[in-house]
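Next come the chains, spelled out residue by residue.
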Amino acid sequence: MLFDFLCPETTILEGLSRFKPEYDFTVPGDLIPDKYIAASALQKALRRKNLKQAMFAAAVLKRIDEGYLFRRLKCCALEDFGPADLDTVSQVLWASGKREWMSKHGGNDFVLAYLLHILCKSKAVRATDNLIYTACKSPLCAAQREIYSGMTPDELFETFTDQSLDSAELTLLALFMCGTRYPCDDLDLKKGSPDLLLDVCYSLGIPPFVTDVLKLSRSYEFFVSLVPAWMQIEKSETISTVDEAEEASVMIGPWASECLDRHTMVGKKSYRLFLKSCPAVTGFLQKHLPEADPVDLMGWCDFILNGQLLNNKLEYNGSQCLQELTEAAWMSCEGMSAELQTDLLALVRKNMEILHDSKRIIMSNINKLYLSAW
């Protein structure tokens, strides 16, 4: 699969010269300015290619913390688009946060609108995130985690060139080469250098349009899995695009339900209320997983069923298998068997309307508290 790659600045300027959208980044005065809901909403909207919701979430986040907005946009590009559209990712990584440059080329709002538009038109894939989590958490990678942690830099370098290794193993090797300062709390702390990963890419003949994006992304958490993900796609015999989120989002006030997730206060409170309101799910957990954290499990179930769905998703040989391995790794942190995972997801899906109602109640209560305080 070929990608056209130009200097990011040249590409952005060409795109901006043709870009004439209508956009509005104003925010209603009575909206609760929640940074984490807005950040979550931005990412979920980009995954579903919902430009209107992405614009709204970006406007709220821009009002709260513009610097954080652009940092979040970079993470979204790497986590949810990555090797599916390296050209778009390179533009987002290069332009985001360059305030002086943006002011010279139409202003921050104009450039931000352009970046949101191209992301909502791009192909998407969550391979970079899936690979990191599978490599660090999956029980199937436990032996490799132990072996690779004891390797020297030269041994890691040499092993990475093994053509028989899968993308999760390559991600682990990249993590240890770059150093486990990158997010991987299950791995032993080990010093390394991102330059080592670049060196092995040069030795393997990885094209410049890939290594250039690697350089742009080296300070972000999905840096280490970008090349393994690209290599997996490049080897694929069949590539297609599909839409996972065919149904419109359920709205909770101005927000999509899926953005009120385990990373937000509203989401966590909603999961607690859901568990009190849904005896079928609570009974299942008490019977089969009495030691597990039920709120954490509800967060993962909600994410799997609604929060990670992609439109214009890139599918290729091995992508579905990787997705299943990752979901199993998420859920196995609570000691769940594959059968229990399937049963719990089906049960939560059956009672999803109760979860939506729980989110409505919590959001309404928080709105009342916020308004009364003013």
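Residues numbered from 1 in each chain as written. Predicted model: local features only at pLDDT ≥ 70, side-chain atom pairs only at ≥ 80, totals over all residues. Heavy atoms only, no water.

Trainee: Where do I start with empty space enclosed by the protein in this structure?
Mentor: To find leftover empty space, one rolls a probe the size of a water molecule over the atoms. Taken as a whole and assessed by the stated rule, the structure comprises two cavities of 30 Å³ or more. Its volume calculated, the largest cavity comes out at about 60 Å³. Lining the largest cavity, in full, are Val125, Arg126, Ala127, Asn130, Lys313, Leu314, Tyr316, Ser319, Leu322 and Gln323. Contributions of two or more residues to the lining of the largest cavity are made by α8 (127-137), β4 (313-316) and α18 (319-332). (1 Å grid on protein atoms, 1.4 Å probe; cavity = no way out; pocket = protein on both sides within 12 Å on 5 of 7 lines; lining within 4 Å. Points joined across faces, edges and corners; volume = space filled by probe spheres on them. Helix = DSSP H or I, 4+ residues; strand = E, 2+ residues; numbered from the N terminus.)

Trainee: Honestly, the side chain of Ser319 in this entry has me stumped. Any pointers?
Mentor: In this structure, Ser319 sits in helix α18. The exposure class of Ser319 is buried, given its relative accessible area of 12%. Polar side-chain contacts of Ser319 include one of 2.9 Å to the backbone oxygen of Tyr316. (Buried < 20%, exposed > 50% of the residue type's maximum accessible area, 1.4 Å probe, protein only. Polar contact = N/O pair within 3.5 Å; in protein donor to acceptor, adjacent residues only side chain to side chain.)

Trainee: Looking at this structure, how should I read helix α1 (residues 8-17)?
Mentor: Given 3.6 residues per helical turn, the α-helix brings residues three or four places apart onto the same face. Every buried residue of α1 is listed here: Pro8, Thr11, Ile12, Gly15 and Leu16. Down the axis of α1, the buried side of the element spans an arc of 130°, and every buried residue falls inside it. (Arc of directions from axis to C-beta.)

Trainee: Is there a simple way to think about the packing of helix α12 (residues 194-204) against helix α13 (residues 208-216) in this case?
Mentor: Each pair of packed helices gets described by two things: the angle between the helix axes and the distance between those axes. Two elements in contact, α12 and α13, have axes separated by 11 Å at closest approach and are oriented at 175°. Viewed along their axes, α12 and α13 adopt a mutual orientation that is roughly antiparallel. Facing α12, whose interface residues are Leu197, Leu198, Cys201 and Tyr202, α13 presents Thr211, Leu214 and Lys215. Looking at side-chain class alone, the contact of α12 with α13 contains five nonpolar, one polar and one charged residues. (Axes fitted to C-alpha atoms, helices over the stretch in contact; angles between N-to-C directions. Parallel < 35°, antiparallel > 145°, perpendicular 65-115°, else oblique. Contact = heavy atoms within 4.5 Å. Nonpolar A, V, L, I, M, F, W, Y, C, P; charged D, E, K, R; others polar.)

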